[in-house]
Amino acid sequence: MMCSLWRGTLLTLTSSLNRRVFQCCRQLGRSYNIASCMPEAVAFQGVSDHSGLYKFSVNESDRFWGAVARQRLSWISPFHTVQNCDFSQGKIKWFEGGKLNVSVNCLDRHVQTCPERVALIWERDEPGTEVKITYRQLLELTCRLGNLLKRQGVRRGDCVTIYMPPCPLAMASMLACARIGAAHNVVFAGFSSEALADRIRDAQSSTVITVNQGVRGGKVVDLKRTVDQAVQNCPTVQQVLVAMRTENTVPMTDRDVPLEEEMMKEDVVCEPVAMDSEDVLFLLYTSGSTGKPKGLVHTQAGYLLYTSLTHRYVFNYHDGDVFGCVADIGWITGHSYIVYGPLCNGGTTVLFESTPVYPNPGRYWEMVERLGINQFYGAPTAIRLLLKYGDEWVQNYNRSSLKTLGSVGEPINTEAWEWYHRVVGDGRCPVVDTWWQTETGGICIAPRPADPEAEIVPGMAMHPFYGIKPALLDTEVVTGDGVVLQSAQFPAFLRLRLALCYNQYCPLNCATPLLGFFFTGDGAHRSKEGYYQIIGRLDDVINVSGHRLGTAELEDVVVCTIIIMFGLGVYVFVVLKKAVMVEEDVLAQQLREMVSRSIAKYACPDFIQVVRCLPKTRSGKIMRRVLRKVVERNTDELGDLSTLDDPDSVHEVIRGHRRLRGDGKQQ
Ligand code: WTA
C-alpha cells in the first residue's frame, strides 16, 4: 500500500493525560460470560471473552454479521449473501436477497410482546409536561401517517423531507416513510429557508412535513413560515403537511394539509412494504469541506442492525431501561440513537425538545430524576457549558438511576470528562466517549463493550466496535495521524456512488488514492496499548457543538462574521441575520469553539485577528487557502486571486494579522 497503514505512536497529547484507571464493570460482574452477554457468541468457536469476540467479528465477518442479523432482525424473507463489498469499486451491499420492513422491526414486533411498554417519552420544552407514548400508540400514529402519505401520492422510492423539531409526529413521520417504502430526509429545524430549499431540491421531494411553530428554550419559532419561503424555490413540492405544535394558527395555502386532522381520518392499520436490504432508508445531509452539503445515503438492514447492536452494547442497554439521548432528530445521532437503535431493541427512548439551560442549568439532571433515565447521551459542548455553572445544579437532583454516561460529536477534554464522571455520575458510571460520523451510521470507536475490568482512560474513545478495523495514516502534511476506516467491514457504512467519491478523495496529498479505505477526515492517536484518542478534524469542516457545519451553513445565519482572535482571550463578534433555534449563550459558546478550533487547526495559537472583510470568491465562498497562507506567513504563495470578489480584502487580512502578531511597526 502506498500510504502505510499502521502505527501505534503515542504522541504528547495522550501521554500528558491523567491516566486514572476506572474500572466500571459492575454490570458484568464476576460471572462474566460472553454468551450471556451476546447469545450468538455460543456458536462462535473459540470465543470466550470480549477480545475473542472482537477478533472473531473482524476475522470471520460473514459469520459474525450473518448470525447477529438472523438473530436480531425480523425478516420477511431471509438474505442469501451476508456481504458483497468491493470498496475500490464503491460497491457496498449487505444482506442481499433479504426482505424486511424497518418499521415492523421497530414497532410491530414489540407491540406483539409488550404493547403497553413506553416506546417514547417526549420531554417537551416546558419542564414537567412530558408525554409518554406506548409501542401500540406509536404504531397507530405511524400507520395513520403512512396511510395519509399514500393518499397524498407518496410512493415507494420517493423521498419525503421532514422539517420538524423533536416531537412524536416527527418520529412517526420517519417510521411512516419506512413503512411505505419512502425514504426520509430530515432537515434540522434550525436551518434557514435557503439551506432547507437546497436539501428539498437535491432530494427532489414532492412532500414536506413540518409544524406550525417550534418551541425551544421558551421561544416560539415560526417553522411553517421558513418552509413557505423555502418551497417558493422548490418546484417539486406539491404538498406540505403541517402539524400543530402550538395553538397558534398560521396562514395555510392550497398546498398545505392539516396533518392531525387528515391523519385522524385514516385507518390504524397500514400494510408494511417488503423492502430489499439495500433499498434506501434515508438521506441525511452533512457538510463537506467544499461547503456544499452532501446527501448521504443509508439503507435498510445493515443500518438498522448496526445501530441496534451498538445501542445495546456500547451503552449496556437492557430491557426496561430509559435511554436519554439529548441530540436533535435532525442529526445522525438522533436518527441512530433516539429512533432506530433504541426502537429496534424495544427500548424506551427520550425525545428532548429543550436546551441544557432552560429554564435553568439543572434541566438535564432534573429530567434524569423525573424520567428515571438510565443511560444519558450528550455532547461535550453542553457538558463544558454546564460545568461552568457549578456542581449544585447537578447535585440538586437525584441521579441514582444513571448507569452509563455517553459523549458524542467532538473530542471531550479531560476536565469535562472528569466532571461528567465525578459529579454527574457520582464516580460510579462508565463514561463512554463514542466516536463516529454520519457516514458510519453508528458508533465505531468506544470504551464499551470491553472485557470486565477493562480500563477507560479519560478523554479516550478507546476501542473499535465489533467488525470495525480502524487504520491510521501517517502523514507529514498535517499534525497527527489520520483515521482511516476499512469500511467494507461493517454494515452501516454509507452507500451509493458517494462511497466511490470518498474513496478516491485523499485530502492528505497522498500520491495515490487510498484504495479500499475510507478517509474519515479526523486525526487520532493510538497508544501502545492500542487505545484510540480522537483529536478532531483535519480538514476545513467545522464542528459546532458536536455537529459538522460547513462555512455555508454558518454564513447563512451570520451576516457579518467578525472573527477572530486567540491568545489573551477569545472574542467573537457576530451579527446574526435571523434567529436560530439555539439558546444565545449556547450559540455564543458554539461560535467561540468553532472559531478556536478552526484557528487552532492552523497551528497558530497566538493568532489574534479581526477580519472585517473575509476574502471571498465572486460566488461568495471564503477562500480559506488564503487565510491559511496568511497565518502560516506564506504570503508569497497566495496563488491565483483572480476569482476573488475584492482582492484588496487579502491585504487587509495580511495587515491585520501583522498588527496582531506585533509585526505592525515594522511595516
Ligand atoms: C466528530 C456525529 C471526537 C468527528 C456523530 C467526526 C468526534 C464528526 C467524536 C462527525 C468523538 C464525533 N470524539 N470527535 N467522540 N464523535 N466526532 O457526522 O470530527 O455530525 O468526523 O456525526 O464529529 O460528525 P457527524
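What counts, and where the lines are drawn
Residues numbered from 1 in each chain as written. Predicted model: local features only at pLDDT ≥ 70, side-chain atom pairs only at ≥ 80, totals over all residues. Heavy atoms only, no water. Core = buried A, V, L, I, M, F, W, Y, C linked by side-chain atoms within 4.5 Å. Buried < 20%, exposed > 50% of the residue type's maximum accessible area, 1.4 Å probe, protein only. Helix = DSSP H or I, 4+ residues; strand = E, 2+ residues; numbered from the N terminus. Contact = heavy atoms within 4.5 Å. Axes fitted to C-alpha atoms, helices over the stretch in contact; angles between N-to-C directions. Parallel < 35°, antiparallel > 145°, perpendicular 65-115°, else oblique. Left-handed = near helix turned anticlockwise from the far one by under 90°. Pairing = 2+ DSSP bridges. Salt bridge = Lys/Arg side-chain N within 4 Å of Asp/Glu carboxyl O.

Peer 1: Just checking my understanding: could you explain the nonpolar core for this structure?
Peer 2: Note that soluble globular proteins tend to have their nonpolar side chains buried in a common cluster. Judged by nonpolar contacts, the single largest core of 126 residues is most densely connected at Phe64, Trp65, Phe95 and Tyr340. Broken down by element, the residue count for this core peaks at 10 residues, all from helix H7 (residues 168-180). What phenylalanine 64 contacts, discounting residues up to four positions off in sequence, is Met38, Phe44, Leu53, Phe56, Ser57, Leu309 and Tyr466. Within the second largest apolar cluster, 32 residues are counted, among which are Phe352, Leu385, Leu405 and Trp419.

Peer 1: What is the right way to read the packing of helix H5 (residues 102-113) against helix H12 (residues 332-344) from this model?
Peer 2: Each pair of packed helices gets described by two things: the angle between the helix axes and the distance between those axes. The N-to-C vectors of H5 and H12 enclose an angle of 55 degrees; their axes lie 8 Å apart at closest approach. The angle between H5 and H12 falls in the class oblique. Crossing of H5 over H12 shows left-handed handedness. Contacts between H5 and H12 involve Val102, Asn105, Cys106, Arg109 and His110 from the first element and Tyr340, Leu343 and Cys344 from the second.

Peer 1: Where do I start with unusual backbone geometry in this structure?
Peer 2: Of all residues except glycine, most have a negative phi; of all peptide bonds, most are trans. Cis peptide bonds are those with omega within 30 degrees of zero, and the linkage from tyrosine 358 to proline 359 qualifies with -5 degrees. As for its placement among the helices and strands, proline 359 is situated in the loop between strand E18 (348-352) and helix H13 (363-371). Geometrically, the link from arginine 448 to proline 449 is a cis peptide bond, its omega value of 5 degrees lying close to zero. As for its placement among the helices and strands, proline 449 is situated in the loop between strand E22 (445-446) and strand E23 (463-464).

Peer 1: Any chance you could explain the sheet that holds E18 here in plain terms?
Peer 2: Backbone-to-backbone hydrogen bonds pair the strands of a sheet. The strands run either parallel or antiparallel. With respect to topology, 7 strands assemble into an open sheet ordered E6-E5-E18-E17-E19-E20-E21, the strand pairing being mixed. One side of each edge strand has no neighbouring strand; the edge strands of this open sheet are strand E6 (131-134) and strand E21 (431-434). Averaged over neighbouring strand pairs, the angle between their axes works out to 20 degrees when direction is ignored.

Peer 1: What is the right way to look at the pattern of salt bridges in this model?
Peer 2: A side chain of one charge can pair with a side chain of the opposite charge if their charged atoms are brought near each other. Scanning the model with the defined rule gives 25 salt bridges in all. Between arginine 370 and glutamate 130 there is a salt bridge, and its shortest N-O distance comes to 2.7 Å. Of this pair, arginine 370 sits in helix H13 while glutamate 130 sits in the loop between strand E5 (118-123) and E6; the two residues are 240 residues apart in sequence, bridging distant segments of the chain. A residue is classified by how much of its surface remains accessible, and glutamate 130, at 25% relative accessible area, is partly exposed. Among the ionic pairs, arginine 384 bridges to glutamate 410, the shortest N-O distance being 2.9 Å. Linking arginine 384 in helix H14 (residues 380-389) with glutamate 410 in the loop between strand E20 (404-408) and helix H16 (414-424), this pair joins segments that are 26 residues apart in sequence. Note on accessibility: arginine 384 and glutamate 410 belong to one class, buried.

Peer 1: Even after reading the chapter, I still don't get the pairing of E18, so can you show me in this structure?
Peer 2: Look at any regular strand and the pattern is simple: side chains alternate between the two faces of the sheet. In terms of burial, E18 is largely enclosed, as 5 of its 5 residues are buried. Side chains of E18 alternate between two faces, with Thr348, Val350 and Phe352 and Thr349 and Leu351 buried alike. Sheet topology note: the E5/E18 ladder contains 4 bridges and is parallel. Bridge assignment links glutamate 123 to a residue of E18, and that residue is phenylalanine 352.

Peer 1: Sorry if this is basic, but what is going on with the pairing of strand E12 (residues 239-243) here?
Peer 2: Counting buried residues in E12 gives 5 out of 5 residues, a clear majority hidden from the surface. Going residue by residue along E12, you find Gln239, Leu241 and Ala243 tucked away on one face and Val240 and Val242 tucked away on the opposite face as well. Relative to E12, strand E9 (residues 207-211) is paired through 5 bridges, and the arrangement is parallel. Note that in E12 the partner of threonine 210 across the bridge is valine 242. Summarising the sheet, E12 and strand E13 (residues 256-258) pair through 3 bridges and their orientation is parallel. Note on E13: the bridge partner recorded for valine 240 is aspartate 256.

That is the geometry; function is a separate question.
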